[in-house]
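# Architecture and fold: a report
Okay, here's what each chain looks like letter by letter:
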Protein chains: 2
Amino acid sequence: MTTTRREQILDTAATLFAERGFHGVSVHDIGSACGISGPALYKHFAGKDDVLTQSLTSISQRLLDEGRSRSRAAGSPDAALGALIAWHIEFALSHPALIVIQEREWANLRVEGRREVRALQLAYIDIWVDVLRRLRDDLDAAEARAAVQATFGLLNSTPHSARISATAMQSRLWTMARSALLA
Amino acid sequence: MTTTRREQILDTAATLFAERGFHGVSVHDIGSACGISGPALYKHFAGKDDVLTQSLTSISQRLLDEGRSRSRAAGSPDAALGALIAWHIEFALSHPALIVIQEREWANLRVEGRREVRALQLAYIDIWVDVLRRLRDDLDAAEARAAVQATFGLLNSTPHSARISATAMQSRLWTMARSALLA
DNA sequence: ACGTCAGGTTAATGACTGTTAACCTCACAG
DNA sequence: CTGTGAGGTTAACAGTCATTAACCTGACGT
């Protein structure tokens, strides 16, 4: 695999941020975990903030793109909902650190980046809301949005538990999310 | 209301920790938000760590005590589950900052405090697991625990959404949690 | 052969951190 | 009265932080 230094930094920084929080990690920590040391980070990023910003935007973009594509590919609203749930679970299980920082560290972004990430997150939510409301005409937009965000909480809980096998967790979360949304 | 300075510090510190994370808040920030300044905090706590520790243990203790009492007071496993869900929602909706730091900042505790908080959290989870397994004999202990933690994720998501009225949110979360657990 | 430049290095910087020390004030028990 | 202790204050501490500056190396196009 051809991981550039840049990607390596983003990866290890995400892990460290997930463990100790943005302010709990120093640039020395990040560099050190990459085999380089401290200020070398500035050859690839404008600063520590920039590392977080790039992480969060790339995560949000990826969730959005794949979610949109899988939802479109589905034949029915019901299939689309199932596909969205499966995709989110797949991502959360394979990238727990990214899920953690995406839901916890966006308050540490500077205004510009925060707006961008927020917009991407809202677009992702909207995909879910559209699909859900096609299956539940009793929900108005605000209620549907609340239900979707609650479901994200459910699916994003994996990093905090994870005692059973990945496949068992996968199918259990899928069932729980589906019945929570359609209840 | 008779809020002592000590309680005031715990309260405002919890809010600040929830907003910017433990390392993102200085003792000057905390004191300043209380109308006192900086080192005055040491007249009430052994240090910054101590503030977080006291916060988290008191939160976990309170969740556990009330959860245990409400679960015992219920007439049936089904009623007990409903009561547990209602209690957790009630707490999460009225103390969003406490919910946030309880699920996010326990890694910043020193070993002793971390063990204590972890034990309280596990005891709380066990109450839920016992009730759930009385209703679902198809779940082994590990699966039930995973399901309960996923439900916590769902219920704890309120601080990140909350656009609809409290009562609407309350009943929606209740329904979602119940059907997720019993699916 | 050679300049250039991407990607490292260490040293230095000023700001900010948690914590301690030394001092002040005032309510109030004796 | 008086003195004592709870609950404040500011000043000073050693460390750590993100960031910049100045310098080094080696691959590589020409």
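Provided above is the structure to which this section pertains.
A brief report on the enclosed structure follows. Nothing here was measured: the structure is a model prediction, and the numbers come from that model. (Residues numbered from 1 in each chain as written. Chains lettered and ligands numbered in written order. Predicted model: local features only at pLDDT ≥ 70, side-chain atom pairs only at ≥ 80, totals over all residues. Heavy atoms only, no water.)

### Description of the overall build of chain A
Let me state the cut-off plainly: Labels follow the DSSP assignment, with helices taken as runs of H or I lasting at least four residues and strands as runs of E lasting at least two, numbered in each case from the N terminus. For the radius of gyration, the atom set is restricted to C-alpha positions; the globular benchmark scales as 2.2 Å times the number of residues to the power 0.38. The classification of residues rests on relative accessible area computed with a 1.4 Å probe and restricted to protein chains. Under 20% of the type maximum is buried, over 50% is exposed, and intermediate values are partly exposed. Note on definitions: a residue-residue contact is assigned when non-hydrogen atoms from the two residues lie within 4.5 Å. In these tables, accessible area is a Shrake-Rupley quantity obtained with a 1.4 Å probe, and a residue counts as shielded only by the protein chains included in the view. Charge counting treats Lys and Arg as positive and Asp and Glu as negative, with His and both chain ends excluded. In plain terms, the charge of a residue is placed at NZ if it is Lys, CZ if Arg, CG if Asp and CD if Glu.
When its secondary structure is counted, chain A shows 8 helices and 0 strands. Ordered by position in the sequence, the α and β elements of chain A form the string α-α-α-α-α-α-α-α. Compactness check: chain A gives a C-alpha radius of gyration of 18 Å against a globular reference of 16 Å for 183 residues, within 12% of the reference. Along the three orthogonal principal directions, the C-alpha set of chain A runs to about 55 × 35 × 30 Å. Expressed as a percentage of the 183 residues in chain A, the buried residues total 50%. Restricting to contacts in chain A with at least 6 residues of sequence separation, those with at least 24 account for 68%. Carbon and sulfur atoms make up 50% of the accessible area of chain A, which amounts to about 8,400 Å² in all. Charged side chains of chain A number 21 positive and 20 negative; the gap between the two group centres comes to 2 Å.

### A word on the relation of the copies chain A and chain B
Heads up, the rule is: Here the copies are matched by least squares. The fit uses the C-alpha atoms of residues with pLDDT of at least 70 in both.
Rotating chain A by 180° and translating it 0.0 Å along the rotation axis places it on chain B, where the RMSD comes to 0.1 Å. One copy is carried onto the other by what is essentially a two-fold rotation axis.

### Let's talk about the protein's contact with DNA strand C
Applicable threshold: One heavy atom suffices: a residue is near a molecule or strand as soon as one of its heavy atoms comes within 4 Å of it. Polar contacts, as counted here, are pairs of nitrogen or oxygen atoms within 3.5 Å of one another; within protein the pair requires one atom able to donate a hydrogen and one able to accept it, and residues that are adjacent in sequence qualify only if both atoms are side-chain atoms. Ten residues, namely Ala, Val, Leu, Ile, Met, Phe, Trp, Tyr, Cys and Pro, are considered nonpolar, four, namely Asp, Glu, Lys and Arg, are considered charged, and the remaining ones, Gly among them, are considered polar.
In the neighbourhood of DNA strand C, 14 residues make up the surrounding shell, with A:Arg5, A:Lys43, A:His44, B:Tyr42 and B:Lys48 lying closest. For DNA strand C, the fraction of atoms within 4 Å of the protein that belong to sugar or phosphate moieties is 59%. Contact distances for DNA strand C include 2.8 Å between a base oxygen and a side-chain N or O atom of A:Lys43. B:Val25 is positioned with one of its backbone polar atoms (N or O) 3.4 Å from a phosphate oxygen of DNA strand C. Split into classes, the residues belonging to the surface near DNA strand C amount to 7 nonpolar, 4 polar and 3 charged.

### Quick notes on the side chain of B:Gln121
Here B:Gln121 shows up in helix α6 (residues 111–135). Leaving out residues up to four positions away in the same chain, B:Gln121 has contacts with B:Ser60 and B:Gln102.

### Some thoughts on the packing of helix α3 (residues 48–73) of chain B against α6(B)
All names here are of chain B. Stated formally: For every element, the axis is a line fit to its C-alpha atoms; helices are fit only across the contacting stretch, and the angle between N-to-C directions ranges from 0 to 180 degrees. Relative orientations are named as follows: roughly parallel for angles under 35 degrees, roughly antiparallel for angles over 145 degrees, roughly perpendicular for angles from 65 to 115 degrees, and oblique for any other angle. When the near helix sits turned anticlockwise from the far one by under a right angle, the crossing is termed left-handed; a clockwise turn instead gives a right-handed crossing.
For the pair α3 and α6, interaxial distance at closest approach is 9 Å and the crossing angle is 20°. Put simply, α3 runs roughly parallel to α6. As α3 runs across α6, the sense of the crossing is left-handed. Within the contact between the two elements, α3 uses Thr53, Leu56, Thr57, Ser60, Gln61, Leu63, Leu64, Gly67, Arg68 and Ser71 and α6 uses Gly113, Glu116, Val117, Leu120, Gln121, Ala123, Tyr124, Ile127 and Val131. Residue classes in the contact of α3 with α6 are distributed as 9 nonpolar, 8 polar and 2 charged.

### Here's the deal with the interface of chain A and chain B
For the record, the criterion: Summed over both partners, the accessible surface that disappears when two parts come together, traced with a 1.4 Å probe, is what is meant by buried area. Salt-bridge detection follows one rule: a side-chain nitrogen of Lys or Arg within 4 Å of a carboxyl oxygen of Asp or Glu.
At the junction of the two partners, chain A supplies 32 residues and chain B supplies 32 residues. When chain A packs against chain B, the two sides together hide about 2,500 Å² of surface, and 64% of this comes from carbon and sulfur. Considering only the side of chain A, the residues that lose the most area to chain B are A:Arg104, A:Arg172 and A:Met176, jointly responsible for 21% of the buried surface there. At the boundary of chain A with chain B, the tally comes to 2 salt bridges. A salt bridge links A:Arg172 to B:Glu143; its shortest N-O distance comes to 3.6 Å. Connecting chain A to chain B are 2 residue pairs in polar contact (both at pLDDT 80 or more).

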